[in-house]
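Notes for the structure review
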Amino acid sequence: MLDEDDRRLMHAVHAYLQDMHRIVQSDSAGHLSPLGDELSAHLGVDALTLPVTTESLPAHRYVDADIALDELMARCGGRLIGVTGGEQRLHVSASDLLSGGYAHFAPGPVSYEVRDVDADSQRRVVAFGVRLLVFDGHPVAIVQRAANPRSMPPQSQLELIGADADATAAALAEIRRLMVERSVLRGQVLSFAPTEYGHEAGATFLARPEVAADDIVLGEGVLQRIVDHVVGIGDHRDALRAAGQHLKRGVLLYGPPGTGKTLTVRHLLSRTPGTTAVVLTGSSVRFVKAAAEIARTFAPALVVLEDIDLVAADRGFSPEPVLFDVLDALDGLEPDADIAFVMTTNHVQVLEEALAARPGRVDLGVEIPLPDDTDRRRLFRRYAQGLPLSPDALDAAADRASGTTGSFAKELLRGTVLRAALRGAEAPDDDDLAATLDGLLDSGAALTRVLLGSPPQLVQRVTAPFEEAPFAQPGPMLGGIQTPFSVVDEQVDPVEFHDGALVDVTPPTHELAIPMPVWHTVYATLGNTGAVERVGGDPDVAARSDRIQNAGSTAARRHPGPLTAHGWPRDDDALTVPLADGDEDFLVEILARWRRVSLLQAVGDDVDEETWREQEEGLDADARALRFFMERLRH
């Protein structure tokens, strides 16, 4: 504890420091830094008396801004100077750079950094500098700064200072125009990924693929139908516009993994040279709004969204919010905008409800199924080109590999070549092909076949088709499938086959009102569980997860109260879901399993603060859902 003398001394020191602060502030008020003197001389007026116009730039447009500024300076004349002041210059505004204050910012060397401008080239851009130029006879100063995680704010910015407000506004408009006209993004193939500055999107340039039509093996007319819709509309845009027809289009390619959806997309990119393309895969699909803005600005354009069913926009919610962002992006396009959205999915049933709720946005859906016998033979011969394998051996291998995908064929032929190399042969022979196929078809390679896109070989529990079930009457729709409920006390097997997939048709025994925040967590967790268990896991668990998800989706459609834009009741409401005996125990087990996984991930990840905050919110949501069902079981 301080005694009274020490306390009086501390108060005196505090008062002294406050007085000193007021004196320094008073002395520096209105005083210019050396940089301020430089800018005032250029502008012809005290720079501190002028307003600052700030333009924030997305990370993927910063190179465009640097190119536009270089061209503006080349046209108008001017010079580029840097700023001294070390790290402190990153944390202050343009106005603070000009004042005396505590730091004496002065002209100095320009800071540069290197940015990509295409898949093979880079450009040196100004990272921090001041451009002094004359626009339409009026002097203008532009502080240019790239994004920096240590700066506040961290976004890229241009800060324009000029004595004539109209001339400053006109200069900014010209910079924006040049950013579009001289953009390095136009005609490129791009991908977006999170930058180190948070959730902002940074552009990655990709080489445009070269995939010929002969490289793709699909059913008769399937590829041409897709090309006609995506490429043909663009090729005949003038005729369509003249006839008053719209150009924007949405295409959904769906089917099992490994059947050629991605290869088809690569062919579309090959067929559209000079078209701006943005390819988003997995978690990067959340940047669809930025992709749509690029497409609008640099049309004709192609936006590719791969595996959109695998994306959860926010942890604890279904994939539908991301899909609605996609549909909103399509809604926001002008009808005559030559822009195509191409989406792929392995699980179209996850998207059916959301697409049905917004008809017309996706105007072509094309199934890319497992290859039939003829197409599978074509695939084997396609991947065996240049190898000394006999046609009879290839056809025999294709026939043995019934139910497999193009990915399986590709891996089989690679394994055949590898087997020959390992035994010291210069080229593979038919025996290598047969032995490699034996290995892939072996029961121990079941998971490998699943990973290559082939459906799991499941034991059929119910041999009789649905319509032959005795005394059966049509039951409720589950996942688009009519399920039978017997009118007598008939024992119904809970899992049945339908079109090669297991479907859980357990009839509900009761209803449970589930708060919407809890249901969102349950829905997302069941989706993750089903996706994992379908790949070499427990098909019964996958089928049961699907049944409960579908029951909730059906309940949402029948909900008497208001629904959100995503088709669910509001968060302050509850969803009454029909459940079967044991479903609560099942949900506790599933939620507990995913919570353990999430905890391990949170402990092991080295992530930024915002990602950590999202993980915390996800863990809290998991805990709330677990408590709800544990309480239900206890009573």
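Residues numbered from 1 in each chain as written. Predicted model: local features only at pLDDT ≥ 70, side-chain atom pairs only at ≥ 80, totals over all residues. Heavy atoms only, no water.

Looking now at the overall build of the chain. Looking only at helices and strands, the chain has 20 helices and 20 strands in total. Burial status across the chain gives 43% buried among its 635 residues. For the chain, contacts bridging at least 24 residues in sequence account for 70% of all contacts bridging at least 6. Total accessible area on the chain stands at roughly 31,200 Å², and carbon and sulfur atoms take up 52% of it. (Helix = DSSP H or I, 4+ residues; strand = E, 2+ residues; numbered from the N terminus. Buried < 20%, exposed > 50% of the residue type's maximum accessible area, 1.4 Å probe, protein only. Contact = heavy atoms within 4.5 Å. Areas by Shrake-Rupley, 256 points an atom, 1.4 Å probe, with all protein chains shown as cover.)

As for its position among the elements, Thr272 is in the loop between helix H8 (261–270) and strand S11 (276–281). Under the relative-accessibility criterion, Thr272 is labelled buried at 11%. Within the structure, the side chain of Thr272 is placed 3.3 Å from the backbone oxygen of Leu269, a separation counted as a polar contact. Once residues lying within four places of it in the same chain are set aside, the contact partners of Thr272 are Arg208, Val231 and Leu302. (Polar contact = N/O pair within 3.5 Å; in protein donor to acceptor, adjacent residues only side chain to side chain.)

Overall, the coordinates contain 33 salt bridges when judged by the stated rule. We note a salt bridge from Glu38 to Arg79, for which the minimum N-O separation is 2.6 Å. With Glu38 in helix H2 (residues 34–43) and Arg79 in strand S2 (residues 78–83), this pair connects stretches of sequence that are 41 residues apart. With a closest N to O distance of 2.7 Å, Glu71 and Arg182 form a salt bridge. Residue Glu71 is found in helix H3 (residues 62–76), and its partner Arg182 is found in the loop between helix H5 (165–181) and strand S8 (189–194); the two are separated by 111 residues along the sequence. (Salt bridge = Lys/Arg side-chain N within 4 Å of Asp/Glu carboxyl O.)

Another aspect to go through is the confidence of the model for the chain. Summing up the model confidence of the chain, the mean pLDDT is 79 and the portion of residues at 70 or higher is 76%. When mean pLDDT is compared element by element in the chain, H5 scores highest at 95, while strand S16 (residues 481–486) scores lowest at 29. When the criterion is pLDDT under 50, residues 312–319 qualifies, and its contacts beyond four places in sequence or with other chains add up to 21 contacts. Here residues 456–493 scores under 50 on pLDDT; set against residues more than four positions off or in separate chains, the count is 60 contacts. (pLDDT = per-residue confidence, 0-100.)

Only one face of strand S20 (residues 574–579) is buried, namely the one carrying Leu575, Val577 and Leu579, since none of Ala574, Thr576 and Pro578 on the opposite face is buried. For strand S19 (residues 510–515) and S20, the ladder comprises six bridges, and the chain directions are antiparallel. Bridging from a neighbouring strand, Ala513 pairs with Thr576 of S20. (Pairing = 2+ DSSP bridges.)

Our focus in this paragraph is the environment of Thr262. Looking at the secondary structure, you find Thr262 in helix H8. Sequence separation between Thr262 and Thr344 is 82 residues, and the spatial gap between their C-alpha atoms is 7.8 Å. Side-chain polar atoms of Thr262 contact the side chain of Glu306, separated by 2.7 Å.

Here we come to the layout of surface pockets. Taken as a whole, the second largest pocket encloses approximately 550 Å³ of empty space. As for the second largest pocket, its lining consists of 30 residues, and the residues nearest its centre are Gly258, Thr259, Gly260, Leu263 and Tyr383. Mapped by element, the contributors of at least two residues to the lining of the second largest pocket are H8, helix H12 (373–383) and helix H14 (406–422). By residue number, the principal contributor to the lining of the second largest pocket is H12, which donates four residues. (1 Å grid on protein atoms, 1.4 Å probe; cavity = no way out; pocket = protein on both sides within 12 Å on 5 of 7 lines; lining within 4 Å. Points joined across faces, edges and corners; volume = space filled by probe spheres on them.)

Okay, the nonpolar core next. In terms of nonpolar packing, the biggest core is built from 54 residues, with Ile142, Ile175, Leu280, Leu305 and Phe341 touching the most fellow members. The dominant element in this core, judged by the number of residues it contributes, is H3, at eight residues. Not counting the four nearest positions on each side in its chain, Leu280 is found in contact with Phe192, Val285, Phe287, Val288, Ala291, Val304, Leu305 and Glu306. Counting residues in hydrophobic clusters, the runner-up holds 25 residues, among them Leu512, Trp519, Val522 and Val577. (Core = buried A, V, L, I, M, F, W, Y, C linked by side-chain atoms within 4.5 Å.)

Geometrically, a packed helix pair is captured by the angle between its two axes and the distance between the axes. Where H14 meets helix H15 (residues 430–441), the closest approach of the two axes is 9 Å, and the angle between their N-to-C directions is 125°. Put simply, H14 runs oblique to H15. Crossing of H14 over H15 shows right-handed handedness. Residue-level inspection shows Phe408, Leu412, Gly415, Thr416, Arg419 and Ala420 of H14 in contact with H15, the latter providing Asp432, Leu433, Ala435, Thr436, Leu437, Leu440 and Leu441. Of the residues contributing to the contact of H14 with H15, the split by class is eight nonpolar, three polar and two charged. (Axes fitted to C-alpha atoms, helices over the stretch in contact; angles between N-to-C directions. Parallel < 35°, antiparallel > 145°, perpendicular 65-115°, else oblique. Left-handed = near helix turned anticlockwise from the far one by under 90°. Nonpolar A, V, L, I, M, F, W, Y, C, P; charged D, E, K, R; others polar.)

Inspection of helix H9 (residues 288–297) places Val288, Ala291, Ala292, Ile294 and Ala295 among the buried residues, and these make up the whole buried set. For H9, the buried positions fall inside an angular range of 160° around the axis, keeping them on one side. (Arc of directions from axis to C-beta.)

A few words now on the packing of aromatic side chains. By the definition in use, this model includes four aromatic pairs. Each ring, one from Phe628 and one from Phe629, has its centre 5.0 Å from the other, and the planes form 90°; the classification is edge-to-face. A relative accessible area of 21% means that Phe628 is categorised as partly exposed. We classify Phe629 as buried; its relative accessible area is 0%. Aromatic ring contacts, followed pair by pair, group Trp519, Tyr523 and Trp568 into a single cluster. (Phe/Tyr/Trp six-rings, centres within 6.5 Å; stacked < 30°, edge-to-face > 60°.)

Here Thr259 shows up in the loop between strand S10 (249–254) and H8. Discounting chain neighbours no more than four positions away, the residues touching Thr259 are Leu218, Ile368, Pro369, Leu370 and Thr405.

A negative phi angle characterises most non-glycine residues, just as the trans form characterises most peptide bonds. Cis geometry is found at the peptide bond from Ala299 to Pro300, where omega equals 5°. Along the chain, the position of Pro300 falls in the loop between H9 and strand S12 (301–306). We note that Asp136 has phi near 50°; this positive angle belongs to a residue other than glycine. Along the chain, Asp136 falls in the loop between strand S5 (122–135) and strand S6 (138–145). A relative accessible area of 60% places Asp136 in the exposed class.

The buried fraction of strand S7 (residues 156–162) amounts to seven of the seven residues, a majority that puts the element mostly inside the structure. Residues Ser156, Leu158, Leu160 and Gly162 line one face of S7 and the alternating positions Gln157, Glu159 and Ile161 line the opposite face, and both faces are buried. With six bridges connecting them, strand S1 (residues 52–57) and S7 associate as antiparallel partners. Among the inter-strand pairings, Val52 is bridged to a residue of S7, identified as Ile161.

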